[in-house]
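# Results of the structural survey
Letter by letter, the chains look like this.
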Amino acid sequence: MPDELRLYLKERFGVQGPVSPSRFEAELARRLGSPGKRQPLLRAWRAYLGGGGREAVRSFYREVLKVPRGEALVYGMHLPFLEFYARELPQRVEGRVLEVGAFTGALVGYLQRKRPELSWHALDGVEEAVAVGRRRVPEVAWHLGWAEEVELPPFDTLLLLSVFPEGWVEEGMESRLEPEAFWKRFSFFARLPRFLRLLRPGGLLAYGHGPFLGKSLEGVEEGLRRLGFQEVERVGEGEYFLVLARRPEALAEVSLEEAWEDLPALEEPVAVAEPDLAEVQALLEAGQYAEVLARLPEGVEGEAAYLRGRALFALSRFAEAEEALRRAMREEAEDLRALVLVELKDYERAKGRLEALAGRGGRYRLALGRVYLAQGRYADALRQFVESGLPEAEVYVREALEGIEGRMRRFAREGEWTEVSRRAEFVEDLSPGLLTREMLRLGLRAALLQGLFARAERYARRLADLDEAEGFLGLALAAVRLRTPLEHKGEDLKAVEPYLTEALARAEIPEALLLLGILREREGRFREALYLLERAARHGEGEVAGMAFHHLAEVKRALRRPLREVLGDHKRAHALKAYPAPYLFRLAQEALAGGEEVLARELLSRARDAGLAEVAEEDLLGLLSLLERLEGPWAAFSVLYQALGRTPRPPLELLALAYRLSRSFRESPEAESVRGQYLAALYGAGRAKEAEAVLLEELRAHPQALEVLFDLAEHHETQGEWRQAAEYWQKALEVALYGEKDLGLAREVLRNLLFLRPHDESLALYLEELKAVGQGLKAMGEEPPEVPQDPEGLLEEALPRFHGEHLLVVGGHTQLRSRLVPLLEARGLRVDWFDADSAGVGKEALKRIQNRLEKAHGLMIVSSYVGHDLSEPVRLEAERLGVPVHIIPGRARGATGFLRALKAFAPELFKRALKGHGRGP
């Protein structure tokens, strides 16, 4: 409950902790450094303490609300009482609840959260406080006015908590009053009925005196009974108490004189000899505790109970001391009672009081530290123990340090080095002598890993003074600014050699062995380096051992040890501290060159796991050669194919290599793609004869390959060799019709043959074959497309009728353009065709093409390996102008492929023409 309330007060009202009323002025000075700024509030505070009545209360709270976080200051002074009220009230209140003097609503807001089903109201006479409360706690109904005057319907529960004495308390008043003095001092019987107007008959009154002087628990109880209240009940004890009672139908009329007259009848006088308290005090100071207990019997009250409690505390009879101090009813007794509660291990009850008393130092700080220690707040506990300055705090200091050390170890295991460093710094700030060896070790490591080298050097020197090997290693690392030995990138270690040798003289630390071994390696003292690095690899763990094995391999290489032994150490190093892929590749090359093929395969596999992309960027040809030798052509081709995909304009040599590697699996899609790129590169380089040789070789390997036949036919068309082109088209027709049984493709190829040989009567036989196959399919219940009756119909079926639309074509070759442009213009289409064979295309025609785009209704790009490099800038310009673009993928398959693509693109041409775009002279 206290933790929940404190969190609520901290989040909503900025309350950081308890504040002793005696420290109000000091806290105010800390928050407001200027004396002029705090003077109005100090005047109001002194008037408030001087019993200035309602106006003093109003003035004080108004000034408090003008100070930054002034609310938190007020609630901090009431915090222990707020915790007590929050613990006891929620289960007791009922119906419509009104808190009188709610200030800005901290308590009533918290109670509303605990009992949201009730109706909650708050009353305060300070207008500024009500305004803040309405914003801060809107869940509560707020009322402005003073309880003695305001007119409100009566409530089921009335809370008079820390409010009845306000404005009536003066400095110098006793902390405890007898009943008659209490009634007289606070005009109890005259004032209280004016508050009780707000409580219905049978309703519940909850009275709490709060932190004010003049307490009289018995006076409140007896006074309520005199007024006719029923079920009068006391909750709590000592400083913290509540009096609960039920209001009668009508309040009894009681004057102060009547109450005074009847008071002796309430207590039966007992003839008991009063002890001489001065004499008892002297006995107590003399340490005669048994005599004190004999003089002060059990059950005494007031000052006598305080003296008895002190004697019992000195005798370690803590339970009895706590009871006696509770009866004392004075501030000094409550202070001592907090110490007693610590001894009774009732830490929660003691904490609030001790936090308020901690400013006095000494035993109060020691007791508060014990509370924090029991709660696991080791850092707070250590601070209290150190600041207490008591010799008996030493044992608790060690316990707190052990707790902090344990947490540092846990954070180190979890890799939270910032937390480790923060705790080491905290202990060092309190007192450098408090740092234990383990704290220094952990703090040194944390400081190094964070790059805090000045702090690391300080911790390392302390450890070195304690003759710890880790200290000398830390001095070496801090001197060369290395977070760990793993970060060594060639720094000169000669200057820190004495530190390393001193560390190794005390313990075989793997990190020191590693660094000294690296130094000996760089000095060329390989035998000594071999000895040191072997020990580092044997004693080290993780990446430290991995780095040791790496340098051990290099030393063995320098000593000309067998290659297998060197590579074996490299394998161990990679297992502990991963090598980059290029390094593993070079090791694999070395292994293969040295005849260790098995090791080469294993190292290459590790390089593949690390990712070969980086290797391909550094030495692609070497990687391909290694892959081909160890894993075959497919492995090398896969890497090369990926590299080609990342290269915008791959060189011809790489394409030739890719084509050679793909011959073992030439029918795969990747091999087909590479063949196309290779042929395009050959054509682009003007090496048409080599391209023809490649195609003929492909045809010899696969005589029925349609794509190869298409490519050869287009190749001869490009060269103007019409007879050879027709022969390849005819072979392709026979394969499509008789081999593949692809009627659609056969019709396209036949149409292409008709373009080349329009008067060849033998082609009519193929047309008859297509008709016969169509009739056969109809007999089988299928619906094949109709075949034209004559060759002219077959030629014209691929195109719609145009009406003057303007088409721009980029790509293809001169023969394709010369054959198709007349046909397209005869069908009503205006064509501007820029083929790949036009002179000066790459230098002069780009601007002319882009100017024509403004008048065109569409753009077609023949995407073939015989195309030129203007297609991409033209496409981008067309997209900018909004001109539709159609790209013919792959080879055009002669004239029919282009016509088929144009037929699919025709609707876009019509659409743009109908919109009126692209028209020009």
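Residues numbered from 1 in each chain as written. Predicted model: local features only at pLDDT ≥ 70, side-chain atom pairs only at ≥ 80, totals over all residues. Heavy atoms only, no water.

## Here we look at the overall build of the protein
In terms of regular secondary structure, the protein is built from 45 helices and eleven strands. Taken over C-alpha atoms, the radius of gyration comes to 50 Å for the protein, far larger than the 29 Å a tight globule of 921 residues would show. Expressed as a percentage of its 921 residues, the buried residues of the protein come to 52%. Within the protein, counting contacts between residues at least 6 apart in sequence, those at least 24 apart form 64% of the total. Carbon and sulfur atoms make up 49% of the accessible area of the protein, which amounts to about 42,600 Å² in all. Computed over 130 positive and 148 negative side-chain charges, the inter-centroid distance for the protein is 4 Å. (Helix = DSSP H or I, 4+ residues; strand = E, 2+ residues; numbered from the N terminus. Rg over C-alpha atoms; globule rule 2.2 N^0.38 Å. Buried < 20%, exposed > 50% of the residue type's maximum accessible area, 1.4 Å probe, protein only. Contact = heavy atoms within 4.5 Å. Areas by Shrake-Rupley, 256 points an atom, 1.4 Å probe, with all protein chains shown as cover. Lys, Arg positive; Asp, Glu negative; His and termini not counted. Charge placed at Lys NZ, Arg CZ, Asp CG, Glu CD.)

## As for the packing of helix H12 (residues 277-285) against helix H14 (residues 302-314)
Remark: H12 packs on H14, axes separated minimally by 11 Å, with the N-to-C direction vectors making an angle of 15°. For the element pair H12 / H14, the angle class is roughly parallel. Considering how the two elements wind past one another, H12 and H14 form a crossing that is left-handed. Across from Leu-277, Val-280, Gln-281, Leu-284 and Glu-285 in H12, the residues of H14 making contact are Glu-303, Ala-304, Leu-307, Arg-310 and Ala-311. Taken together, the residues of the contact of H12 with H14 sort by class into six nonpolar, one polar and three charged. (Axes fitted to C-alpha atoms, helices over the stretch in contact; angles between N-to-C directions. Parallel < 35°, antiparallel > 145°, perpendicular 65-115°, else oblique. Left-handed = near helix turned anticlockwise from the far one by under 90°. Nonpolar A, V, L, I, M, F, W, Y, C, P; charged D, E, K, R; others polar.)

## A look at the side chain of Glu-497
With respect to the helices, strands and loops of the structure, Glu-497 is situated in helix H25 (residues 497-506). For Glu-497, the side chain forms a polar contact with the side chain of Lys-494, separated by 2.7 Å. (Polar contact = N/O pair within 3.5 Å; in protein donor to acceptor, adjacent residues only side chain to side chain.)

## A few points about the confidence of the model for the protein
On average, residues of the protein score 83 in pLDDT, and 91% of them are at 70 or above. Of all secondary-structure elements in the protein, the lowest mean pLDDT belongs to helix H11 (residues 256-266), at 49, while strand E1 (residues 96-100) reaches the highest, 95. With pLDDT under 50 throughout, residues 263-272 is counted as low confidence; its partners more than four residues away or in other chains account for five contacts. (pLDDT = per-residue confidence, 0-100.)

## Thoughts on the sheet that holds strand E11 (residues 885-888)
Spatial strand order, E9-E8-E10-E11: four strands in an open sheet with parallel pairing. Both edges of this open sheet fall to strand E9 (830-834) and E11, since each of them pairs with a single strand only. Here the strands of the sheet are splayed against their neighbours by 20° on average, with no regard to which way each runs. Bridge count for strand E8 (residues 806-811) against strand E10 (residues 858-862) is five bridges, and the pairing is parallel. If you follow Gly-811 over to E10, its bridge partner there is Val-862. Each of E8, E10 and E11 touches helix H44 (residues 871-881); the most contacted strand, E10, lies at about 160° to it. (Pairing = 2+ DSSP bridges.)

## Quick look at the environment of Ala-736
Tracing the sequence through the fold places Ala-736 in helix H38 (residues 722-739). In sequence terms Ala-736 and Leu-706 are 30 residues apart; their C-alpha atoms lie 7.6 Å from each other. Leaving out residues up to four positions away in the same chain, Ala-736 has contacts with Leu-706, Lys-741, Asp-742, Leu-745 and Ala-746.

## Here we look at the nonpolar core
Ranked by internal contacts, the top residues of the largest apolar core, which has 174 residues, are Leu-354, Leu-382, Val-427, Leu-623 and Leu-640. Ranked by residue count, the leading element in this core is H38, at nine residues. If we ignore the near neighbours within four places in the chain, the residues touching Leu-354 are Ala-338, Leu-339, Val-342, Tyr-364, Ala-367, Leu-368 and Val-371. Listed in part, the 95 residues of the second largest apolar core include Leu-89, Leu-159, Phe-212 and Phe-241. (Core = buried A, V, L, I, M, F, W, Y, C linked by side-chain atoms within 4.5 Å.)

## Structural notes on the pairing of E1
The element E1 is largely enclosed, with a buried count of four among its five residues. Here E1 runs beside strand E2 (residues 119-124); their pairing, made up of five bridges, is parallel. By the bridge assignment for E2, Val-100 is matched with Leu-123. The parallel pair E1 and E2 is bridged by helix H6 (residues 106-114), and the resulting crossover is right-handed. (Right-handed = clockwise from strand over helix to strand, strands pointing away.)

## Thoughts on the sheet that holds strand E6 (residues 230-237)
One open sheet accounts for seven strands, arranged E3-E2-E1-E4-E5-E7-E6; its pairing is mixed. Every interior strand has two partners, whereas the edge strands, strand E3 (141-144) and E6, have only one. Neighbour-to-neighbour, the strand axes of the sheet open up by a mean angle of 20°, direction not taken into account. Sheet analysis places E6 next to strand E7 (residues 240-246), joined by six bridges and oriented antiparallel. Within the sheet, the bridge partner assigned to Val-235 lies in E7 and is Leu-242. Lying on the sheet, helix H10 (residues 217-226) is in contact with strand E5 (199-208), E6 and E7; it crosses E6 at an angle near 170°.

## Here's the deal with the packing of aromatic side chains
For the structure on display, the rule yields 27 aromatic pairs. An angle of 55° between the planes, with centres 5.6 Å apart, marks the rings of Tyr-75 and Phe-103 as tilted. Separated by 28 residues along the polypeptide, Tyr-75 in helix H5 (residues 70-88) and Phe-103 in the loop between E1 and H6 bring together distant segments of the chain. Like Phe-103, Tyr-75 is buried. Pairing Trp-634 with Phe-637 gives two aromatic rings, centres 5.9 Å apart and planes at 35°, and the pair type is tilted. One end of the pair, Trp-634, and the other, Phe-637, are both in helix H33 (residues 633-645), three residues apart, so they sit about a helical turn from each other. Here Trp-634 falls in the partly exposed class, since its relative accessible area comes to 43%. The exposure class assigned to Phe-637 is buried, which follows from its relative accessible area of 1%. (Phe/Tyr/Trp six-rings, centres within 6.5 Å; stacked < 30°, edge-to-face > 60°.)

## Observations concerning the side chain of His-551
With respect to the helices and strands, the residue His-551 is situated in helix H28 (residues 542-558). When sequence neighbours within four positions are dropped, the list of residues in contact with His-551 reads Leu-514, Ile-518, Glu-521 and Leu-533.

## Comments concerning the packing of helix H34 (residues 652-661) against helix H35 (residues 669-684)
With their axes 9 Å apart at the nearest point, H34 and H35 run at an angle of 145° to one another. H35 is crossed by H34, and the crossing has left-handed handedness. Along the contact surface, H34 presents Leu-652, Leu-655, Ala-656, Ala-658 and Tyr-659, while H35 presents Val-674, Arg-675, Gln-677, Tyr-678, Ala-681 and Leu-682. Looking at the contact of H34 with H35 residue by residue, the class counts come to nine nonpolar, one polar and one charged.

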